[in-house]
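# A look at the structure
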Amino acid sequence: MAIIEQHQLLENLKEGIKKAQFLSESVLVSYSKQIEFIDPLVFYRNGEILYKGSRIYWSDVEDVTMVGLGSAVVQAYNGEERFEKIEEYWRKVITGAVIHREVDVKGTGPVCMGGFSFDPVQMKTRLWKDFPDANFTVPNWLLTVKGNQCFLSINASVNEHMDPCTIESQLIDLEMQLLKNNTIPTPSQGESLMVEENQINEWLAMVHKSIDAINKGEMEKVVLSRTTTVTANKTFDQSSVLLALQERQSDCYTFAFEKGTSTFVGSTPERLIKKAGGKFNTMCLAGTISRGQTAEEDQKLGETLLSDPKNRDEHQMVVTMISDAMGKVCDKIVKSDSPQIYKSKDVQHLYTPIKGETKRELSLLSVVKALHPTPAMGGVPTEKAIEAIRERETYERGWYSAPIGWFDEDGDGEFVVAIRSGLITKENAVLFSGCGIVADSDPQSEYLETKIKFTPMLTALGGGWE
Ligand SMILES: C=C(O[C@@H]1C=C(C(=O)O)C=C[C@H]1O)C(=O)O
Ligand SMILES: [Mg+2]
């Protein structure tokens, strides 16, 4: 078996190099196979030395985890045409690629993973220096875990000058190192962390101003966010932060994008769009209340949320926009008439799932473009709200509240909205949290809402609120 597999990889490399000679440009070679089980966090950690600064962790709500190490292909773009540029580049890469799968499983092979910034026009600061407006990579190594089955995809960019046997033997050596068994440090708790909520008064003033603007009819909703800074006395261990998120936030998508010296990490409940063939799944998530201490209190809080006009209003604006946008691109959409409750560890939300179907060729990125930013992250009307955010927020959002995800050569894939997140650089972390401001908002309650939304990241870093 092993011999046949190696033979196959070598054949693919030879074919890729021949193609590269013919095209006079690099060609992507992708080979994937089933392997013995390995914990995805161990794999992520094993890549720390060789692939520091270019690792990706992604685990979805359907028990699929993908870990990417290194970049066989990378595309970065700054500016407003980012969706089109990434799409164009991807088409070109895939057209030339040599792809072989031992087993035909989604989420293996040449998977393109990455994200976008919230607003390409917002001024850039040092905070997000390693995160362009669009940044996508096909990892050199992609581990895909589905339940207890594991698949390994090897992606290599080859050119006409390469020797297939040399590459093959390098890959075999690396594979052994990356698949070594290892342990993950247990999540830290009660660490001595310095936790500082930044510019609370400025934020409250901004909320007051926005409520005034809404009452004057300048807009209907704007999502305002703020940051909390966390400092530890030693470098945060990414694998243990991910483990903590994964354990506590099991109904969320847990992710990490390591770029240069920073890693954008989080556990978001919010799917932006999933595409499988002509079928699309999206959701509206807006309107928030805390979790109860007891099952009874929790249930009561959920009922309060469901019948609260302010939260229903905040939610409805998202439903209207997403239904309109999906209605325009799909032949048919299905959505329930009233919201349900979505519970995650620290908060409950109003939630309306929407399904769409189309027989036309419709790319995932074009739907991402049509949806982003939804009024769950921007506001209503979109342009007015984005201008207000640009003008009033005192920091750069970067990839916070923006689409992150993956897609494959068939154009299938999934994007989520990167909230409940933070940017970790060594022993420092900046956490992000926002909330929808509408006419009936009370600044103090909105402040508390954003405070609980910091909790998932704060606890994963080993901290908590006093
Ligand atoms: C903006 C965030 O969350 C969004 C805002 C919500 C609200 O205001 O009720 C709820 C869910 C999210 O759509 C965040 O968590 O940072
Ligand atoms: Mg809210």
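Residues numbered from 1 in each chain as written. Chains lettered and ligands numbered in written order. Predicted model: local features only at pLDDT ≥ 70, side-chain atom pairs only at ≥ 80, totals over all residues. Heavy atoms only, no water.

## Here's the deal with the overall build of the protein
How we decide: Counting from the N terminus, the helices are DSSP H or I runs at least four residues long and the strands are E runs at least two residues long. Two things to know: the radius of gyration comes from C-alpha atoms, and the globule rule equals 2.2 Å times the number of residues to the power 0.38. For this analysis, residues touch if any pair of their heavy atoms sits within 4.5 Å. In short, Shrake-Rupley with a 1.4 Å probe defines the accessible areas, and a residue's cover is counted only from the protein chains shown. By the counting rule applied here, Lys and Arg register as positive and Asp and Glu as negative, while His and the ends of each chain are not counted. Where a charge lies is defined by one atom per residue type: Lys uses NZ, Arg uses CZ, Asp uses CG and Glu uses CD.
The number of helices and strands found in the protein is 11 helices and 23 strands. A compact globule built from 466 residues should have a C-alpha radius of gyration of about 23 Å, and the protein, at 22 Å, falls within 12% of that. For the protein, the spread of C-alpha atoms along the three principal axes comes to 70 × 50 × 40 Å. Here the contacts in the protein between residues at least 6 apart in sequence split such that 77% fall between residues at least 24 apart. In the structure as shown, the protein presents an accessible area of about 19,800 Å², 50% of it carried by carbon and sulfur atoms. Of the side-chain charges in the protein, 50 are positive and 66 negative, and the distance between the mean point of each set is 1 Å.

## Topic: the coordination of the magnesium ion (ligand 2)
Where we set the bar: For Na, K and Ca the donor cut-off is 3.2 Å, while for other metals it is 2.8 Å, and in both cases only N, O and S atoms qualify; water is not among them, so sites may look incomplete. For every residue, the accessible area obtained with a 1.4 Å probe (protein chains only) is divided by the maximum for its type, and the residue is called buried under 20%, exposed over 50%, and partly exposed between those limits.
Looking at the metal site, the magnesium ion (ligand 2) is ligated by Glu 314 (OE) and Glu 449 (OE), spaced 2.1 to 2.3 Å from it. Of this pair, Glu 314 sits in helix α8 (residues 309-329) while Glu 449 sits in helix α11 (residues 443-460), and the two are 135 residues apart along the sequence. Its relative accessible area of 8% is what places Glu 449 among the buried residues.

## A short note on a negative patch on the surface
Spelled out, the test is: Residues enter patches when their relative accessible area tops 30% and they take part in no salt bridge; the joining distance is 9 Å for like charges and 5 Å for the nonpolar side chains Val, Leu, Ile, Met, Phe, Trp and Tyr. Throughout this description, the term salt bridge denotes a Lys or Arg side-chain nitrogen within 4 Å of a carboxyl oxygen of Asp or Glu.
Together, Glu 80, Glu 383, Glu 387 and Glu 391 make up a negatively charged patch on the protein surface. Here Glu 391 shows up in helix α10 (residues 382-392).

## Observations regarding the packing of aromatic side chains
Quick note on the threshold: Only rings of Phe, Tyr and Trp enter the pairing, Trp through its six-membered ring, and a pair is recorded when the two centres are within 6.5 Å. The plane angle decides the type: under 30 degrees is stacked, over 60 is edge-to-face, the rest tilted. Two thresholds decide whether a charge sits over a ring: the Lys NZ or Arg CZ must be within 6 Å of the ring centre and within 35 degrees of the ring normal.
One pass over the full model with this rule turns up 22 aromatic pairs. Measuring from ring centre to ring centre gives 6.1 Å for Tyr 44 and Tyr 57, while their planes differ by 90°; the resulting arrangement is edge-to-face. Taken together, the residues span a long stretch of sequence, with Tyr 44 in helix α2 (residues 40-46) and Tyr 57 in strand β2 (residues 54-59) at a distance of 13 residues. Taken as a pair, Tyr 44 and Tyr 57 share a single burial class, namely buried. Seen from their ring centres, Phe 131 and Trp 399 are 5.0 Å apart, and the 80° between their planes marks the pair as edge-to-face. Pair noted here: Phe 131 is in the loop between β6 (112-116) and β7 (134-138) and Trp 399 is in the loop between α10 and β20 (403-407), with a separation of 268 residues, a long-range link. Connected via pairs of aromatic rings, a cluster forms that spans Trp 128, Phe 131, Phe 255, Phe 257, Phe 264, Tyr 395, Trp 399, Tyr 400 and Phe 432. The ring centre of Tyr 44 lies 4.1 Å from the NZ or CZ of Arg 55, which sits over that ring.

## Remarks on the site of ligand 1
Worth spelling out the cut-off: It suffices for a single heavy atom of a residue to lie within 4 Å of a molecule or strand for the residue to be listed as near it. Pairs of N or O atoms within 3.5 Å make up the polar contacts considered here, provided that, within protein, one atom can donate a hydrogen while the other can accept it, and that residues adjacent in sequence are counted only when both atoms are side-chain atoms. Of the two site types, the cavity is a set of points on a 1 Å grid over the protein atoms alone where a 1.4 Å probe fits but cannot get out, and the pocket is an open set with protein on both sides within 12 Å along at least five of seven lines, each lined by residues with an atom within 4 Å of a point. For this analysis, a molecule is said to be in a pocket or cavity if more than half of its atoms are within 2 Å of the grid points defining it.
Near ligand 1 there are 19 residues, and of these Leu 285, Thr 288, Glu 314, Tyr 400 and Arg 420 occur at the shortest range. Between ligand 1 and the protein, one listed contact pairs an oxygen atom with a side-chain N or O atom of Arg 420 at 2.6 Å. Within the side chain of Glu 449, an N or O atom sits 2.9 Å from an oxygen atom of ligand 1. Burial of ligand 1 by the surrounding chains reaches 100%, relative to a free accessible area of 390 Å². Most atoms of ligand 1, that is more than half of them, are within 2 Å of grid points of the largest cavity. Mapped by element, the contributors of at least two residues to the shell around ligand 1 are β15 (279-290), β23 (428-437) and α11.

## Here we look at the packing of helix α6 (residues 238-248) against α11
Keep this limit in mind: Only the stretch in contact is used when a helix axis is fitted, and all axes are lines through C-alpha atoms; the angle between N-to-C directions ranges over 0 to 180 degrees. Should an angle fall under 35 degrees it is called roughly parallel, over 145 degrees roughly antiparallel, and 65 to 115 degrees roughly perpendicular, with every other angle called oblique.
Axis separation between α6 and α11 bottoms out at 8 Å; the angle between their running directions is 130°. Here α11 runs oblique to α6, going by the angle between their axes. Side by side, α6 and α11 meet where Val 241, Ala 244, Leu 245 and Arg 248 of the first sit next to Pro 456, Met 457, Thr 459 and Ala 460 of the second.

## Thoughts on the layout of surface pockets
The criterion, for reference: Grid points are joined across faces, edges and corners, and a volume is the space filled by probe spheres set on the points. We call Asp, Glu, Lys and Arg charged. Ala, Val, Leu, Ile, Met, Phe, Trp, Tyr, Cys and Pro are nonpolar, and the rest, Gly among them, are polar. The split into domains, and so the bounds of each, comes from an automatic or database assignment of domains.
Roughly 370 Å³ of internal volume is contained in the largest pocket. Lining the largest pocket are 21 residues, with Arg 91, Glu 361, Ser 363, Asp 410 and Gly 411 positioned closest to its centre. Counting only elements with at least two residues in the lining of the largest pocket, the list comes to α3 (82-96) and α9 (364-371). Per-element accounting of the lining of the largest pocket gives the leading share, five residues, to α3. Its residues assigned to classes, the lining of the largest pocket comprises six nonpolar, six polar and nine charged. Shared between two domains, the lining of the largest pocket holds at least three residues of each, these being domain 1 (1-179) and domain 2 (193-461).

## What to know about unusual backbone geometry
What is expected of a backbone is that most residues other than glycine have negative phi and most peptide bonds are trans. In this structure, the amide linkage connecting His 372 to the following residue, Pro 373, adopts the cis form with an omega of -10°. With respect to the helices and strands, the residue Pro 373 is situated in the loop between α9 and β19 (379-380). Residue Val 380 is joined to Pro 381 through a cis peptide bond whose omega torsion reads -15°. On the secondary structure map, Pro 381 appears in the loop between β19 and α10. Unusually for a residue other than glycine, Ser 401 sits at a positive phi of about 65°.

## Looking at the packing of α3 against α9
Think of two packed helices as two axes; the pair is described by the angle between the axes and how far apart they sit. For the pair α3 and α9, the least separation of the axes is 10 Å and the interaxial angle reads 175°. Taken as axis vectors, α3 and α9 run roughly antiparallel relative to one another. Touching Phe 83, Glu 84, Ile 86 and Glu 87 of α3 are Leu 365, Ser 366, Val 368 and Lys 369, all from α9.

## Section: the environment of Ser 239
In this structure, Ser 239 sits in helix α6. Placed 198 residues apart in sequence, Ser 239 and Leu 41 show a C-alpha to C-alpha distance of 5.9 Å. Beyond its immediate chain neighbours, meaning those up to four positions away, Ser 239 contacts Leu 41, Tyr 44, Arg 45 and Ile 184.

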